[in-house]
Structure formats: C-alpha cells, structure tokens
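# Close look at the chain arrangement
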Amino acid sequence: MKVLVLGGGGREHVLAWKLSLSPRVDEVWCAPGNAGIARDVRTTPINADSEDGIAEAIRFARDRGIDLTVVGPEAPLVLGVVDRFEEAGLRIFGPNRAAAQLEGSKCFTKEFLARHGIPTASFHVFDEVEAARRHVATRGVPVVVKAEGLAAGKGVFVARTTDEALAAVETIMVERKFGAAGDRLIVEDFLPGFELTLIVLTDGKTAVPLETAQDYKPVFNGNTGPNTGGMGSYSPHVPLDDGLISQALERIIQPTLAGLERDGIEYRGALYAGLMITSKGPSLLEYNVRFGDPEVQSILFRLETDLLDVIEACVDGRLDEVTPRWNPGTAICVIGASPGYPGRYEKGRVIEGLEESAREAEARGDRVKVFFAGAGADAEGRLVTSGGRVLGVTALGDTLDGARECAYRHLRKVGFDGMHARDDIGVPIRVGS
Ligand code: AMP
Ligand code: GLY
C-alpha cells in the first residue's frame, strides 16, 4: 500500500515514520516533508496549504497510485483538502472543511461551546480595536487575549498586567502580526489549573481516546515567556486519575460529538481537546482538528498497534472494531528550537551529533528518535536549521524519570549552535495559582 502524509513538521515525521513501520505499507511519501523527514521516507516538494497546492497534491496522489492520504496540519484542513480529495475519489484521513471550523475560527468554536453547554472560559468577542482596548483597560488581570483565526499557536497572550493585555490587543489588531486572523479577537477569563491534551479519533459514530499528553507551550522553563507551537510533551499525563479522563470524555468530548451531529457536521479524523483541569473540573481551552505537535510524538511513540490499522478504521467508519494497545511506559519529546524563537531567528545552522546519538542508542538499547521540523539541507547536503522548532528528541522509558534521562542525554549530543530547549519537560506544571 502507498501512503501520502501532507505536511512537513515533527508531527508529520512521526506519522510518516510510524506508517512506514506497518507491514502493509510499501511506500510512504511526505509532502513537502523536510530534509530530516527525507532520511526516513520519500518527500516531494508539494505544499498543500493553498488551493493550487491541494490541486497538485491530488495530481500527485493519482499519478503515484496513493491508496491513503493522511493530513497533518490545520491549514489544508481549513481550506477543505478532505472535501477536494473525496470529490476526486481519493481516500483521505482528516475532517472536512465544515468540521475544521472548530480550529479555523475561535468565534465559531466559542459559539458552538455555548450552544451545546460545553464548559469553557467566559469570553467577549471584539471586531473593533477601540472597544477591545476599553474592555481590557478596565476588566482586571490575569486575562487571556486571542486572535480569532489561525496563528500557528502563537496568537494567544496570557496577560498578567493590563499593559500586557493592551499590548496584545495592539499586536493582534493594530500591528496585525497574524494578518486576517486578527480581524477579530477574543478576551477570555484566565483559568488556573493543569493543562491536558486529550485527542480522540472519531469516525462520526465511535470515539476512541488516545493516551493523554501534556504540552509545554511557553518558551522558557517554568512556563514563562511567550507562547510557542509547543516546546515539549510527555505521555501519559501524570497528575490525573482515570476519573478525570472519564469526566473529560463525558462533559467535553461526548457533548461535542453529539453537538456536531445535531449541527449536521460530519467529523472524521483526530479531534484535539486542549483542556484546563480546574478546581471545578475540565474546561475546554481550544479544539484542534488534527493531532497535536509535539504531543503526538510522545503519544505515537507509545502506540503498539499498527497505526495504519487505526487510521484506516477511522476513514472506513469501522473504529468500533479497534482498541489501540499502548506501551505502559512514558514517552517524552523535548524540542530543540532556534535561538530567538518564537521571535526572529537565524536559519542555516548545521545540525550535528546525529550519528553519535544513534551509536549511543544502539550501544545502550535506548528507545529514542529525533523527529525533524524546521530542518533543511545546505549546498553540501548537510542538515541545517530552517525553522523555529527544529527538532524533537523523543524517548520512551519504563518511568517518566527514565524517559527524561534518556531524552535529555541525547539532546546534549544532538543540536546546533545556540539551540534552545526547556529543561523542565516532563515536570508537571500548574498554570496560575
Ligand atoms: P490555545 O491556543 O487557545 O490553547 O492557547 C494557548 C495556550 O494559552 C494554552 O495552551 C494555555 O496555556 C494558555 N491559555 C489559553 N486560554 C487560557 C485560559 N482561558 N486560561 C489560562 N490559560 C490559557
Ligand atoms: N501543541 C499544540 C498544537 O498542536 O496545537
């Protein structure tokens, strides 16, 4: 079987690699992939994040006889890549355009949550900068200011002071750092608690929860500094008991799936719930309509069932036949980022130490792998940095401490000049007081 993965980050690397391990898969392509992903599977320079790119991906899938396409990132989903592939008679994993609004528009989602009685922080929507300024100036802190549209995980500002909140309004609406995503903004209550990522697979009838994970969004240790796409993750999430997971499924996931059905929206694919576990129980911070990056690196590192079986069951509406098996240990993913990220950063720094890390892993029997995101090749064919989040060292251990020790030991071997990583991935962190 031939599989195509759309996207080119760490999430797509782990998806492509896992699929390549399936005994039923003969060929895996990643479009566009990156130079690091190209060490494991074949890549083609097609970027499906525009209408033209989607048309090219459809041509590629037809010409190459691709049997199944798996969509990684949100941009193609929001554009309707799934609808277009299906119209062309091609099999594809991911939600359609109508369902992808749950990530594409925070206002759509907030209204959806309110309509279906799903717990979330209370909020106000603004499409006019003066009104947003007035509200923020008088409402008290901490407060959260969010751009309405897609902003690669960087459009959310947790403001501790009124000045920070006002600055966030300027960044989103006046400087328009996120373009049209900042036409409207949302101001919402700050919720203290533990963050938890709960991803379910659904075929529209059955929902199969994946193992839990925690993401570390802020760039610096102790959850300080600006938000990033995610600086690391571990799975399973420790500060939680099974009761909380069932609560999250009952109060958030099930009403969401029922609400989608009532609204006439068919959802097939991965649904990511970003939850805050507060003293009153789980509350929804955001939905994503895809696997989380870097959570899925940790989650899939523990998956023992063939990923192809799980994904095909989802696409074919047979999820009720599948119960994924998980390694009972802990997996962790620590991101190595370019210095300056999520602000400005340089590119083109040589990534070193991969051979040494591989030798050590072999000698010690370490279960570790480096997944690449912002990695390109220079004129001499060396792997170099080409993005903010460059790589993620992912390790599996029998315990959380074992996994941390292994990931950080390899992270010290692998890297590039000035690489920045958090030291506290895997340490449970409470947000707020
Ligand atoms: P989002 O992209 O909406 O999940 O927001 C990014 C990050 O900002 C989340 O992972 C949280 O760490 C933080 N955040 C967002 N909304 C809130 C909230 N209402 N209260 C506390 N933290 C929040
Ligand atoms: N790690 C959060 C996300 O994928 O949006």
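The notes below deal with the structure included here. (Residues numbered from 1 in each chain as written. Chains lettered and ligands numbered in written order. Predicted model: local features only at pLDDT ≥ 70, side-chain atom pairs only at ≥ 80, totals over all residues. Heavy atoms only, no water.)

## Quick notes on the site of ligand 2
Neighbouring ligand 2 are D215, K217, G229, Y272, N288, R290, G292, D293, P294 and E295. A distance of 2.8 Å separates a nitrogen atom of ligand 2 from a polar atom in the side chain of D215. E295 is positioned such that a nitrogen or oxygen atom in its side chain is 2.8 Å from a nitrogen atom of ligand 2. Protein contacts shield 93% of the accessible area of ligand 2, which totals 200 Å² for the unbound molecule. Across the shell around ligand 2, the residue classes break down as two nonpolar, three polar and five charged. (Near = heavy atom within 4 Å. Polar contact = N/O pair within 3.5 Å; in protein donor to acceptor, adjacent residues only side chain to side chain. Areas by Shrake-Rupley, 256 points an atom, 1.4 Å probe, with all protein chains shown as cover. Nonpolar A, V, L, I, M, F, W, Y, C, P; charged D, E, K, R; others polar.)

## Concerning the packing of aromatic side chains
Each aromatic ring pair is specified by the distance between its two centres and by the angle formed by the two planes. According to the stated counting rule, one finds eight aromatic pairs in the structure shown. Here the aromatic rings of F93 and F291 are separated by 5.9 Å at their centres, their planes lie at 20°, and the arrangement is stacked. Residue F93 is located in strand β5 (residues 92–93), and its partner F291 is located in the loop between β17 (281–288) and α10 (295–301); the two are separated by 198 residues in the primary sequence. Of the two residues, F93 and F291, neither departs from the other in class, the shared state being buried. A network of ring pairs unites the aromatic residues W17, F301 and F371 as a single cluster. (Phe/Tyr/Trp six-rings, centres within 6.5 Å; stacked < 30°, edge-to-face > 60°. Helix = DSSP H or I, 4+ residues; strand = E, 2+ residues; numbered from the N terminus. Buried < 20%, exposed > 50% of the residue type's maximum accessible area, 1.4 Å probe, protein only.)

## Section: the packing of helix α12 (residues 354–364) against helix α13 (residues 400–413)
Packing of α12 against α13 brings their axes to within 9 Å, and their N-to-C directions diverge by 145°. In this structure, the crossing between α12 and α13 has a hand that is right-handed. Side by side, α12 and α13 meet where E356, S357, E360, A361 and R364 of the first sit next to E405, R409, H410 and K413 of the second. Taken together, the residues of the contact of α12 with α13 sort by class into one nonpolar, two polar and six charged. (Axes fitted to C-alpha atoms, helices over the stretch in contact; angles between N-to-C directions. Left-handed = near helix turned anticlockwise from the far one by under 90°. Contact = heavy atoms within 4.5 Å.)

## Description of the site of ligand 1
Residues in close proximity to ligand 1 total 16 residues, the closest being E188, D189, L191, E195 and E286. At 2.8 Å, a side-chain N or O of E188 approaches a nitrogen atom of ligand 1. L191 is positioned with one of its backbone polar atoms (N or O) 2.8 Å from a nitrogen atom of ligand 1. Within the complex, the protein chains bury 96% of what would otherwise be the 470 Å² of accessible surface of ligand 1. Among the elements of the structure, β7 (143–147), β8 (156–159), β9 (185–189) and β17 are those that each provide at least two residues to the shell around ligand 1. Taken together, the residues of the shell around ligand 1 sort by class into eight nonpolar, one polar and seven charged.

## Things to note about the sheet that holds β9
In space, the four strands of this open sheet follow the order β6-β9-β7-β8, with antiparallel pairing throughout. The open sheet has two free edges, formed respectively by β6 (123–126) and β8, since each of these has just one partner strand. On average, each strand axis in the sheet is inclined to that of its neighbour by 20°, with strand direction left out of account. In this sheet, β8 lies alongside β7 in antiparallel orientation, the contact comprising four bridges. By the bridge assignment for β8, V144 is matched with V158. (Pairing = 2+ DSSP bridges.)

## A few points about the pattern of salt bridges
Under the defined criterion, the tally for this structure stands at 33 salt bridges. The salt bridge partner of R409 is D366, with a shortest N-O separation of 3.0 Å. You can see R409 sitting in helix α13 and its partner D366 sitting in the loop between α12 and β19 (367–372), a full 43 residues away along the chain. Across the pair, D366 and R409 agree in class, each one buried. Across the pair R382 and E380 runs a salt bridge whose closest N-O atoms are separated by 3.7 Å. Exposure remark for R382: the relative accessible area of 38% places this residue in the partly exposed category. Three or more residues joined by partner-sharing salt bridges are found here, namely R24, R91, D309, E312, D316, R318 and E321. (Salt bridge = Lys/Arg side-chain N within 4 Å of Asp/Glu carboxyl O.)

Such coordinate-based values are descriptive only and should not be taken to indicate function.
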